[in-house]
Amino acid sequence: MEVRKAVLPVAGWGTRFLPATKAMPKEMFPVIDKPVIQFIVEECLEAGIDNIIFVTGRHKRPIEHHFDINTDLEKHLEQCGKTTLLKNIMEISRLVNPIYIRQKEQLGLGHAVLVAEPTVGYEPFIVCLGDVIVKDEDNVLSKMMEVYRRFGKSVIAVFEVEEKEVSKYGIVDCRHIEKDIYIIDDLVEKPKPEEAPSRLAIVGRYLFTPKIFDKLKVTPPGKGGEIQLTDAVKLLLEEEAVYAIKINSRVYDTGTPMGYLQTMIEFALQREDLREGLIRYMRSLMIEPTGV
Ligand code: G1P
C-alpha cells in the first residue's frame, strides 16, 4: 500500500523557549522569513504527500492560520503588485490538505502519534517531527518510501552524531545490510554516552506500518514519564522487522536556542541577499568585541 499521509506532532509546550512559546508555537518561529513548520510541510509535498495531519494543542492556532487561505492578504498583495510574495503565499495554502487533531494532554511523542490513529486509519504513514529541518540533495522521505516499497516494513532515518551528543536522541542498535540500509535490533531513548549501543541517532523522520498503533496502546511511560515513540518501536521489533536508513543530510534541530541560532545563521549564509552583509557584520563583531 502506498504511503499517503504524514503525521506532524506539534503539540509540545516548547519549554526550552519560554517565554517566547507562551503564546507562539515554536514551530512558527521564522528561519529568516519562513516558519520552521513550512520547511517540513514542503519536504512532505516534495515526496508526494499532501495529507498532513497536525497533532496540535490549544496554543497552536497560528499553525492552522498559516496553512489556510488568507483572501484579504492575497487581495492586498495583488493590489500592491507584489506578485512574487503573492505566489508564495498562495501556493502553500493550496498545495497542502491539512487535518488538525488535538492532543488534549501532552503525554509524550508516542501518545501524540497515537492520537492521530483515527485520521491515519490502517495504512502506512510518515511521522515528521515539527522542529527538525532536514536538508539534503535528495528528499529523505522519498528514500524512506523506497525502502518501504522494497521490504514492506517500518523505516527510521538515522544520522551519525558525536559521542557526547547521544544523550539528546533515540539511539539504534543495528546491523548493516547494504549501502545505507540497516536492520534494527534494539533502540534506546536518550542513553548516557557509556550506555549507547551506537552513534546512530534517530533524526525525527519515521515511516510506520499501522502495527505501531497497537504497540503505542500498550507502551508504558518511559524516559521523563512520557509515552515514548522509541519504546513503542522496541515493542514493534518483537513482531516485525524495522529498518534504518542512514542519511548524510544536514539536520537542524530548531527546538533548542542554540540549534535555532545555528539554523538561522546557516540559512542566512546560504541566501544571496543576506550572506555578504551577515559575514561583514560577524567579522566586525569579532574584530571589535562589543562586550555583550
Ligand atoms: C525526539 C525523539 C528522539 C529523537 C529526537 C530527534 O526527542 O524522542 O528519539 O532522536 O526527537 O530530534 P525530543 O528531541 O523531542 O526530546
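A quick note: this is a predicted structure, and the numbers were derived from the prediction, not measured.

Examining helix H10 (residues 257-269)
At step 1: An ideal rise of 1.5 Å per residue puts 18 Å on 13 residues; H10 measures up with 18 Å between its terminal C-alpha atoms.
At step 2: Restricting attention to buried positions, one finds in H10 the residues Gly259, Tyr260, Thr263, Phe267 and Ala268. For H10, the buried positions fall inside an angular range of 160° around the axis, keeping them on one side.

Topic: the site of the ligand
At step 1: Looking at the ligand, the residues that line it are Leu109, Leu129, Val132, Tyr169, Gly170, Glu189, Lys190, Ile202, Val203, Tyr206, Gln228 and Thr230.
At step 2: The contact in question runs from an oxygen atom of the ligand to an N or O atom on the side chain of Glu189, over 2.7 Å.
At step 3: Burial of the ligand by the protein amounts to 83% of the accessible area it has alone, namely 380 Å².
At step 4: For the shell around the ligand, the leading source of residues is strand E11 (residues 200-208), giving three residues.
At step 5: When the residues that make up the shell around the ligand are grouped by side-chain class, the tally is seven nonpolar, three polar and two charged.

Considering the pattern of salt bridges
At step 1: As enumerated under the stated definition, the model contains 28 salt bridges in all.
At step 2: Arg271 is the salt-bridge partner of Asp33, the closest N and O atoms lying 3.2 Å from each other. Of the two residues, Asp33 sits in the loop between strand E2 (30-31) and strand E3 (34-35) while Arg271 sits in the loop between H10 and helix H11 (272-287), which places them 238 residues apart along the sequence.
At step 3: Classification of Asp33 as exposed rests on a relative accessible area of 56%.
At step 4: Overall, Arg271 belongs to the partly exposed group, its relative accessible area being 26%.

Analysis parameters
- Residues numbered from 1 in each chain as written.
- Predicted model: local features only at pLDDT ≥ 70, side-chain atom pairs only at ≥ 80, totals over all residues.
- Heavy atoms only, no water.
- Helix = DSSP H or I, 4+ residues; strand = E, 2+ residues; numbered from the N terminus.
- Expected span 1.5 Å × (residues − 1).
- Buried < 20%, exposed > 50% of the residue type's maximum accessible area, 1.4 Å probe, protein only.
- Arc of directions from axis to C-beta.
- Near = heavy atom within 4 Å.
- Polar contact = N/O pair within 3.5 Å; in protein donor to acceptor, adjacent residues only side chain to side chain.
- Areas by Shrake-Rupley, 256 points an atom, 1.4 Å probe, with all protein chains shown as cover.
- Nonpolar A, V, L, I, M, F, W, Y, C, P; charged D, E, K, R; others polar.
- Salt bridge = Lys/Arg side-chain N within 4 Å of Asp/Glu carboxyl O.

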